[in-house]
Amino acid sequence: MSGIYIHIPFCHSACSYCNFHFSTSKKYYQDIINAILKEIELRQDYLSSSKVDSIYFGGGTPSILTSKNLDVIIHKLSDYFTWDNTAEITIECNPEDINIDYLSELKNIGFNRISIGIQTFNDTLLHQLNRNHNAAQSIQSIENIIKSGFQNFTLDLIYGIPNQSNQIFLNDIRTALSFNPPHISAYQLTIEEKTQIHHKIRKREIPSVAEEQIIEQYYLLTDCLEKSNYLHYEISNFAKEGYSAKHNSSYWKGSDYLGIGPSAHSYNGIERQWNIANNQLYIKYINANKPFFEKEVLTPAQKYNEYILTRLRAQFGCSINEIESLFGIELKKHFLKVVSNYTEYFNIYNDRYILNSKRGYLIADKITAELFI
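In this report, we go over the structure that sits alongside the text. (Residues numbered from 1 in each chain as written. Predicted model: local features only at pLDDT ≥ 70, side-chain atom pairs only at ≥ 80, totals over all residues. Heavy atoms only, no water.)

### Considerations on the overall build of the chain
- A tally of regular secondary structure across the chain gives 14 helices and 15 strands.
- In terms of overall dimensions, the chain is globule-like: its C-alpha atoms have a radius of gyration of 21 Å, near the 21 Å expected for 373 residues.
- Over its C-alpha atoms, taken along the principal directions, the chain stretches across nearly 55 × 50 × 45 Å.
- When burial is assessed residue by residue, the chain has 51% of its 373 residues classed as buried. (Helix = DSSP H or I, 4+ residues; strand = E, 2+ residues; numbered from the N terminus. Rg over C-alpha atoms; globule rule 2.2 N^0.38 Å. Buried < 20%, exposed > 50% of the residue type's maximum accessible area, 1.4 Å probe, protein only.)

### Some thoughts on the sheet that holds strand E13 (residues 318-319)
- In spatial order, the strands read E13-E15-E14; together these three strands make up an open sheet with antiparallel pairing. The open sheet is flanked by E13 and strand E14 (346-349), the only strands paired with a single partner.
- Here two bridges tie E13 to strand E15 (residues 352-355), and the two strands are oriented antiparallel to one another. Counted as the bridge partner of Cys318 is Tyr353 from E15. (Pairing = 2+ DSSP bridges.)

### Let's talk about the nonpolar core
- Within the largest apolar cluster, 83 residues are counted, with the highest numbers of intra-cluster contacts made by Phe57, Leu106 and Phe335.
- Per-element tally for this core: the top contributor is helix H1 (residues 29-42), with seven residues.
- Residue contacts for Phe57: discarding those within four places in its chain leaves Ile6, Ile8, Pro62, Leu70, Ile73, Ile74, Thr90, Ile91, Glu92 and Phe111.
- Counting residues in hydrophobic clusters, the runner-up holds ten residues, among them Leu125, Ile158, Ile197 and Ile201. (Core = buried A, V, L, I, M, F, W, Y, C linked by side-chain atoms within 4.5 Å. Contact = heavy atoms within 4.5 Å.)

### As for the environment of Tyr219
- Its location among the elements puts Tyr219 in helix H8 (residues 211-227).
- Note: C-alpha distance between Tyr219 and Ala87 (132 residues apart in sequence) is 33 Å.
- Setting aside its immediate chain neighbours within four residues, Tyr219 contacts Lys358, Arg359 and Leu362.

### Here we look at the pattern of salt bridges
- Per the counting criterion, the structure on display carries 13 salt bridges.
- A salt bridge links Asp223 to Lys358, with the nearest nitrogen and oxygen atoms 3.3 Å apart. Note that Asp223 is positioned in helix H8 and Lys358 in the loop between E15 and helix H14 (364-371), a separation of 135 residues in sequence.
- By relative accessible area, which is 31% here, Asp223 ends up partly exposed.
- Assessed through its relative accessible area of 22%, Lys358 is described here as partly exposed.
- Two residues, Glu234 and Arg313, come together in a salt bridge whose shortest N-O distance is 2.3 Å. A residue pair is termed long-range when its members are at least 10 positions apart, and Glu234 in strand E7 (residues 231-234) and Arg313 in the loop between helix H11 (300-312) and E13 qualify at 79 residues. (Salt bridge = Lys/Arg side-chain N within 4 Å of Asp/Glu carboxyl O.)

### Things to note about unusual backbone geometry
- Cis peptide bonds are those with omega within 30 degrees of zero, and the linkage from Gly59 to Gly60 qualifies with 20°.
- Inspection of the secondary structure assignment puts Gly60 in the loop between strand E2 (52-59) and helix H2 (67-80).
- Positive phi values are uncommon outside glycine, yet Asn163 reaches one of about 75°.
- Its place among the elements puts Asn163 in the loop between strand E5 (153-159) and helix H6 (166-177).
- Not every positive phi belongs to a glycine, and Lys194 is a case in point at roughly 75°.
- With respect to the helices and strands, the residue Lys194 is situated in the loop between strand E6 (183-188) and helix H7 (196-202).
- The exposed category is assigned to Lys194, whose relative accessible area is 83%.

### Examining the packing of aromatic side chains
- Going through the model one piece at a time under the given rule, you end up with 15 aromatic pairs.
- With 5.6 Å between their ring centres and 85° between their planes, Tyr304 and Phe327 make a pair best called edge-to-face. Of this pair, Tyr304 sits in helix H11 while Phe327 sits in helix H12 (residues 320-327), placing them 23 residues apart in sequence.
- Following the ring pairs from residue to residue traces out a cluster consisting of Tyr251, Tyr257 and Tyr267.
- Over the ring of Phe150 we find Lys107, and its NZ or CZ is 5.6 Å from the ring centre. (Phe/Tyr/Trp six-rings, centres within 6.5 Å; stacked < 30°, edge-to-face > 60°. Lys NZ or Arg CZ within 6 Å of the ring centre and 35° of its normal.)

### So, the pairing of strand E12 (residues 293-297)
- A small share of E12 lies buried, amounting to zero of its five residues.
- Relative to E12, strand E11 (residues 271-275) runs antiparallel, the two sharing five bridges. For Asn275, the partnering residue across the bridge sits in E12 and is Phe293.

What follows is the structure, encoded as structure tokens:
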């Protein structure tokens, strides 16, 4: 099975923490859509004849697009790729874009999963993050999703935000759980260079967050969600039974995927490709039939590192038998030597090493770095 990712590079405003590729100008709105449609044609053979298991519209803010534009893109995909009614078709939405009519249109187009960027239910923090919605809109949008009959949706939360007390984050968790969502994604805020929030922390306009508080909030999160019967199936993702995200899980399993749109990445097990992260140049090169992406053929060492990076952060863990069969006995020995220093952080089932979600995920980056070659 394969996945398709569509990157929509537009946002209403620039969130203070975001370093993804996007533009707040809609100047090239229709040109980007036309270029995406053309790229779908150009890339129709990338996944060979593999059946598509998931389609994911991310960004940016895909819910900026009208339902008519989204319908055109879905129809273009269906001209060249095959999927059935079990495929997961997701669109990321911001709360301010969600209303009953729009949700009904999304459903008619074929979307069956909504990913909604709540981040926090605290208005002061939403303002600090430069989000374009407030808590009341978040609550209304979730109610609209439920009312519209979407059985599969996920709420995005963030912890480790400057000025976010443990009580504020606990209130965010409890508010999210009050809607009994099938899935919750909760990400530790990463302070990326050149973002607004990084600049404000450097100028001491807002405080940095102590590592101890981030750990406390992580434990608040895992304790609350596990008590509410959510499976902690990946570092930042929690799901009710049967609602783990197919699309993101395909990344962690190393499945093939095609990325469409400026800055989108593709992977087929042999090489990686990444589209140019510039709207004007993406449009120009697509229309001129010039190369609009770069690529690299993965070395055996890179393939091993990819395996470690993706498998270790998810519930599948790393299989000793797989490592030996895919990468050889020496890398199996290397893996076992490193993890022997961290056995208290792993759950071990037969040949499979799975990080303990409570303690192991906290140091996953450290262990991963030592396992890399």
